[in-house]
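The chain contents come next:
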Amino acid sequence: MTEKQTPFQASSDDAVLQQQYLRALSSFEGIVLSQIDIKNKLGDRLNYSIRTGIIILGAIAFSILVLLLTLSSQVTRISEVVASMNSHFSNISGQMDDVQGYMISMEKQVAVLDSIDGYTGTMEQEIAAIARDMGTMDGTVGAISKRLTAVRENVGNIAVSIDRMHAEVQAMSQDMHHMAKPARSMNKMFPFP
């Protein structure tokens, strides 16, 4: 069931051949032009892609430059901080030497506490004696307080007596003033030289 293919028979007519040639030439030209157009579009796209890539790479390079500058400034600061920490550590080591000296001195002073313990027993005995003396003094002060109470009562009685005497002296003064009225009036009439 194969169909017999008849080969294409070229027209012998020149006009038909000319038209076929022109058609083939115009289709070839269209194909070439479309390929050139596609190549131009692809070239433009490639140029845009390259420009975009260059811009992106430039932005990345700029950001890397900023990061490097930031890191360099941070490294400078970190080196300054490390130098400061080194000086602080040297100060701390010196202070630790001082603390070690203080600890040695404290150990010596703690060793002296044994001898102080012996003195503490003596001090306790003396404090007990002082406590006994304070008890005696407390009794004496109690007796003095009782006597001062008696003296206070006597002074109160004396004050009452003095108040009475004062009232009597005032009464006498008024009586004397009253009695001296006639003498004053006589003195006004017959003054003494």
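For the structure, check the block above.
In this report, the structure presented in the accompanying data block is examined. (Residues numbered from 1 in each chain as written. Predicted model: local features only at pLDDT ≥ 70, side-chain atom pairs only at ≥ 80, totals over all residues. Heavy atoms only, no water.)

## Comments concerning the overall build of the protein chain
Phase 1 of the analysis: From N to C terminus, the protein chain includes one helix and zero strands.
Phase 2 of the analysis: Its C-alpha radius of gyration of 68 Å places the protein chain more than 25% over the 16 Å reference for a compact globule of 193 residues.
Phase 3 of the analysis: Relative to its full complement of 193 residues, the protein chain shows a buried share of 0%.
Phase 4 of the analysis: If you sum the accessible surface of the protein chain, you get close to 17,900 Å²; carbon and sulfur atoms cover 66% of it.
Phase 5 of the analysis: With 16 positive and 20 negative side-chain charges, the protein chain shows a separation of 13 Å between the mean positions of the two kinds. (Helix = DSSP H or I, 4+ residues; strand = E, 2+ residues; numbered from the N terminus. Rg over C-alpha atoms; globule rule 2.2 N^0.38 Å. Buried < 20%, exposed > 50% of the residue type's maximum accessible area, 1.4 Å probe, protein only. Areas by Shrake-Rupley, 256 points an atom, 1.4 Å probe, with all protein chains shown as cover. Lys, Arg positive; Asp, Glu negative; His and termini not counted. Charge placed at Lys NZ, Arg CZ, Asp CG, Glu CD.)

## Digging into a nonpolar patch on the surface
Phase 1 of the analysis: Taken together, the side chains of Ile56, Leu57, Ile60, Ile64, Leu68 and Leu71 make up a nonpolar region of the molecular surface, amounting to roughly 570 Å² of accessible area.
Phase 2 of the analysis: In this structure, isoleucine 60 sits in helix α1 (residues 14-189).
Phase 3 of the analysis: Judged by its relative accessible area of 41%, isoleucine 60 is partly exposed. (Patch = residues over 30% accessible without salt bridge, like charges linked within 9 Å, V, L, I, M, F, W, Y side chains within 5 Å. Salt bridge = Lys/Arg side-chain N within 4 Å of Asp/Glu carboxyl O.)

## Looking at the environment of serine 90
Phase 1 of the analysis: Positionally, serine 90 belongs in helix α1.
Phase 2 of the analysis: Under the relative-accessibility criterion, serine 90 is labelled partly exposed at 41%.
Phase 3 of the analysis: When the C-alpha atoms of serine 90 and serine 26 are compared, they prove to be 92 Å apart, with 64 residues separating the residues in sequence.

## Some details on the pattern of salt bridges
Phase 1 of the analysis: By the definition in use, this model includes one salt bridge.
Phase 2 of the analysis: With a closest N to O distance of 3.7 Å, aspartate 37 and lysine 41 form a salt bridge. One end of the pair is aspartate 37 and the other is lysine 41, both in helix α1 and four residues apart, which spans about a single turn.
Phase 3 of the analysis: Assessed through its relative accessible area of 37%, aspartate 37 is described here as partly exposed.

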